[in-house]
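Read off the chains here:
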Amino acid sequence: GQGGLLSLSGSTLSFSGQNTGTSSAAKTVTVSNVGGAVVNLASIVVSGEFSRATTCETTLAQGTSCVVNVSFSPITPGTRSGNLVITSDSPNSPHTISLSGTGIAVPGVALSPSSLSFANQTQGTSSSPKTVTLSNSGTATLGLTSISASGDFSVTHNRSEERRVGKSVD
């Protein structure tokens, strides 16, 4: 009789723009055994900035299917590529699915320290300022429209664009 024979639901997976540092929704590849015997699956691997989860086990009985879910998690902006490779004892092994996606640069805000603590302050006076460093932790230019403090606090800065937060009690 005929041996096991794998068939995949496609040959490529493309992911639209995905923000760097995040993961896309998964896209599914269905792996089917269309042959007349069990197929032994040796490996299911992805390369590049892609990851996989699968329901496939080490064997796939004749007439059955399993799925491989592939997600795109770009680290850097730009076009990214990789492969999903399924190796088995099927005569048409290995199976390769081309993976592609575009990472989108995004700005990120990081404040250090993330909180400030001030000692008790006499009413009507201002404390010495404390420095907070704002950094762009992302992969795109960060545009600032304003920096402000609320409550009894104020923000000042010098020409080097350093911002300081002080406490003022009225």
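Here the structure is shown first, and the text comes after it.
Description of the structure in this document. (Residues numbered from 1 in each chain as written. Predicted model: local features only at pLDDT ≥ 70, side-chain atom pairs only at ≥ 80, totals over all residues. Heavy atoms only, no water.)

1. A look at the sheet that holds strand S8 (residues 78-88)
Stage number 1. Strand order in this open sheet of five strands is S2-S9-S8-S4-S6, and the pairing throughout is mixed. The two strands at the open ends of the sheet, each matched to only one other strand, are strand S2 (12-19) and strand S6 (59-60).
Stage number 2. Inspection of the sheet shows strand S4 (residues 39-46) paired to S6 by two bridges, in the antiparallel sense. Residue asparagine 40 lies in a different strand from S6, and its bridge partner there is threonine 59. (Pairing = 2+ DSSP bridges. Helix = DSSP H or I, 4+ residues; strand = E, 2+ residues; numbered from the N terminus.)

2. A closer look at the environment of serine 100
Stage number 1. Residue position: serine 100 is located in strand S9 (residues 95-104).
Stage number 2. Sequence-wise, serine 100 and phenylalanine 15 are 85 residues apart; in three dimensions their C-alpha atoms are separated by 6.2 Å.
Stage number 3. Not counting residues up to four positions away in its chain, the partners in contact with serine 100 are Leu13, Ser14, Phe15, Phe50, Arg80 and Ser81.
Stage number 4. Engagement of the side chain of serine 100 in a polar contact is seen with the side chain of serine 14, the distance being 3.3 Å. (Contact = heavy atoms within 4.5 Å. Polar contact = N/O pair within 3.5 Å; in protein donor to acceptor, adjacent residues only side chain to side chain.)

3. Observations regarding the sheet that holds strand S3 (residues 27-33)
Stage number 1. With antiparallel pairing, the four strands of this open sheet are ordered in space as S1-S3-S7-S5. Strand pairing shows two members of the sheet lacking a second neighbour, strand S1 (6-8) and strand S5 (50-54), which therefore form its edges. Between one strand axis and the next, the sheet turns through 25° on average, direction left out of account.
Stage number 2. In terms of strand pairing, S5 meets strand S7 (residues 65-72) through five bridges, oriented antiparallel. From the neighbouring strand, arginine 52 faces S7, where its bridge partner is valine 70. (Axes fitted to C-alpha atoms, helices over the stretch in contact; angles between N-to-C directions.)

4. Quick look at the pattern of salt bridges
Pairs can form between side chains of opposite charge once their charged atoms are near each other.
Stage number 1. As enumerated under the stated definition, the model contains one salt bridge in all.
Stage number 2. Residue arginine 80 is joined to glutamate 49 by a salt bridge in which the shortest nitrogen-to-oxygen separation is 3.2 Å. Of this pair, arginine 80 sits in strand S8 while glutamate 49 sits in the loop between S4 and S5; the two residues are 31 residues apart in sequence, bridging distant segments of the chain.
Stage number 3. Among the residues examined, arginine 80 registers a relative accessible area of 22% and is labelled partly exposed. (Salt bridge = Lys/Arg side-chain N within 4 Å of Asp/Glu carboxyl O. Buried < 20%, exposed > 50% of the residue type's maximum accessible area, 1.4 Å probe, protein only.)

5. Notes on unusual backbone geometry
Stage number 1. In this model, serine 93 is joined to proline 94 through a cis peptide bond whose omega is 0°.
Stage number 2. With respect to the helices and strands, proline 94 occurs in the loop between S8 and S9.
Stage number 3. Each neighbour pair has its own omega, and for serine 112 with proline 113 the value is -5°, a cis peptide bond.
Stage number 4. Along the chain, the position of proline 113 falls in the loop between strand S10 (109-112) and strand S11 (130-136).

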